[in-house]
Amino acid sequence: MAPHSPGTDQIDTLLWIGFVAGVILIAAVNVGLIYALRRFRAERGSEPSQITGGRGIQTRVGGALGVFALALLVLGIVYTEKAQEAPATGSAGLQAAGSEPLRIEATGQQWLWRYDYPNEAFSYYKLVVPVDTEVELELVSTDVVHTWDVPELAGKRDAVPGKTNRVAFRAGEEGTYFGQSATLSGQAYAAMRTEVEVVSPEEYEAFVESEKADIQTAQDRVVELLESGEAP
Ligand SMILES: [Cu+2]
């Protein structure tokens with residue numbers, strides 16, 4: 001799974017740092033152990049040497065481990081901070097909003113995501129966003145806690161009833177990214193998937209315009225039917 005937004009790049013880097021640190025520690029412990037076994041093992045007929053480390057070696061090993069842990073802590077903090085920075089819209093992105101992010105409301109409901117765009121168009125299940133643009137999702141829920149989770153674009157974030165949580169990303173490439181339910185939100189939670197389609201700014205504008213027009217046509221038709229008395 002490759003990262004496709006600046007925040008996920010940092011998360012990816014953090015995972016690698018953790019992995020490499022783990023490998024270094026495992027290697028160091030094993031090398032030390034094998035060295036000690038070979039150097040101080042018992043020979044037939046003679047006792048193994050009994051040695052105790054002096055204060056010097058204890059301080060050196062302890063100090064080295066401390067520095068290692070401190071370096072990991074600092075790297076962890078730096079990359080976590082970076083991952084949370086809002087990724088600004090680039091030159092290939094949607095320029096209409098200026099320096100403001102494109103704000104889209106994402107509503108979790110059992111068991112479907114609804115997306116409300118700034119021009120009052122909405123879509124279910126599929127979110128369409130422009131490439132290279134800072135997108136800020138405002139996550140809300142109408143019932144229970146749902147989790148919005150599209151790992152290639154952003155970290156997970158919960159949609160909690162009565163609260164608005166935000167998650168920001170900037171997709172670097174056009175394409176389709178999938179998300180699954182990450183929180184048990186009732187019987188059909190496993191079916192609560194989502195899809196993010198990243199398109200050019202022009203295609204995005206065309207999409208929200210045509211969605212809006214379709215919704216308007218449908219609403220007009222309902223009003224027409226009600227007025228003519230054909231509707232039940
Ligand atoms: Cu859910």
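Residues numbered from 1 in each chain as written. Predicted model: local features only at pLDDT ≥ 70, side-chain atom pairs only at ≥ 80, totals over all residues. Heavy atoms only, no water.

## Considerations on the overall build of the chain
We count it as follows: Helix and strand definitions here come from DSSP, where helices need a minimum of 4 consecutive H or I residues and strands a minimum of 2 consecutive E residues; each element is numbered from the N-terminal end. When a residue's accessible area, from a 1.4 Å probe over protein chains only, is under 20% of the maximum for its type it is buried; when over 50% it is exposed; and in between it is partly exposed. Values of accessible area rely on a 1.4 Å probe in the Shrake-Rupley scheme; residue burial ignores everything except the protein chains shown. In summary, the charge assignment counts Lys and Arg as positive and Asp and Glu as negative, without counting His or the chain termini. Think of each charge as sitting on NZ of Lys, CZ of Arg, CG of Asp or CD of Glu.
Per the secondary structure count, the chain includes 3 helices and 10 strands. Buried residues in the chain amount to 30% of all 232 residues. Element-wise, carbon and sulfur atoms account for 58% of the exposed surface of the chain, whose accessible area totals about 14,400 Å². Mean positive and mean negative side-chain charge positions of the chain (18 and 32 charges, respectively) differ by 20 Å.

## Things to note about the pattern of salt bridges
Convention followed: Here, a salt bridge means any Lys or Arg side-chain nitrogen found within 4 Å of an Asp or Glu carboxyl oxygen.
Within this structure, the stated rule accounts for 8 salt bridges. Put simply, E138 and R166 hold a salt bridge, and the shortest N to O gap is 2.8 Å. Taken as a pair, E138 in strand β5 (residues 135–141) and R166 in strand β8 (residues 165–169) lie far apart in primary sequence, 28 residues in all. With a relative accessible area of 19%, E138 lands in the buried category. Sharing partners across several salt bridges, the network here consists of E100, R103, E136, E138 and R166.

## Some remarks on the pairing of β8
Stated formally: At least two DSSP bridges between two strands are required for those strands to pair.
What you see with β8 is a clean split: N165, V167 and F169 sit on the buried side and R166 and A168 on the side with no burial. When β5 meets β8, the two strands line up antiparallel, connected through 5 bridges. Note that in β8 the partner of E136 across the bridge is A168.

## Structural notes on the sheet that holds strand β2 (residues 112–116)
Spelled out, the test is: Axis geometry follows a simple rule: fit a line to the C-alpha atoms, using only the stretch in contact for helices, then measure angles between N-to-C directions, giving values from 0 to 180 degrees.
Strand order across the open sheet formed by 5 strands is β3-β2-β1-β5-β8, with mixed pairing between neighbours. A single partner strand is all that each edge strand has here, and the edge strands are β3 (122–124) and β8. On average, each strand axis in the sheet is inclined to that of its neighbour by 25 degrees, with strand direction left out of account. As paired strands, strand β1 (residues 102–109) and β5 are joined by 7 bridges and run parallel to one another. When the bridges of β5 are listed, E105 appears paired with E138.

## Digging into the coordination of the copper ion
To keep it simple, the criterion reads: Listed donors are limited to N, O and S atoms within 2.8 Å of the metal, widened to 3.2 Å for Na, K and Ca; water is not among them, so incomplete-looking sites are possible.
Protein coordination at the copper ion comes from H146 (ND1), S185 (OG) and M192 (SD), with a distance range of 2.0 to 2.4 Å. On the primary sequence, the residues serving as donors to the copper ion are separated as H-x38-S-x6-M. Here H146, found in strand β6 (residues 146–148), pairs with M192, found in the loop between β9 (175–179) and β10 (194–199); they are 46 residues apart in sequence, far enough to count as distant. With relative accessibility at 1%, the residue H146 sits in the buried group. The exposure class of M192 is buried, given its relative accessible area of 1%.

## Focus: the packing of aromatic side chains
Note the cut-off: A pair of aromatic rings is counted whenever rings of Phe, Tyr or Trp (Trp by its six-membered ring) have centres within 6.5 Å, and the orientation is called stacked for planes under 30 degrees apart, edge-to-face for over 60 and tilted otherwise. Charge-over-ring contacts are defined here by two conditions on Lys NZ or Arg CZ: a distance within 6 Å of the ring centre and an angle within 35 degrees of the ring normal.
In total, this model carries 5 aromatic pairs according to the counting rule given. On the numbers, 6.0 Å between centres and 80 degrees between planes, the contact of F122 with Y124 is edge-to-face. Residue classification places F122 among the partly exposed residues on the basis of a relative accessible area of 23%. Pairing W148 with F169 gives two aromatic rings, centres 6.0 Å apart and planes at 10 degrees, and the pair type is stacked. Separated by 21 residues along the polypeptide, W148 in strand β6 and F169 in strand β8 bring together distant segments of the chain. Of the two residues, W148 and F169, both sit in the buried class. Above the plane of the ring of F122 lies R114, whose end atom (NZ or CZ) is 4.0 Å from the centre.

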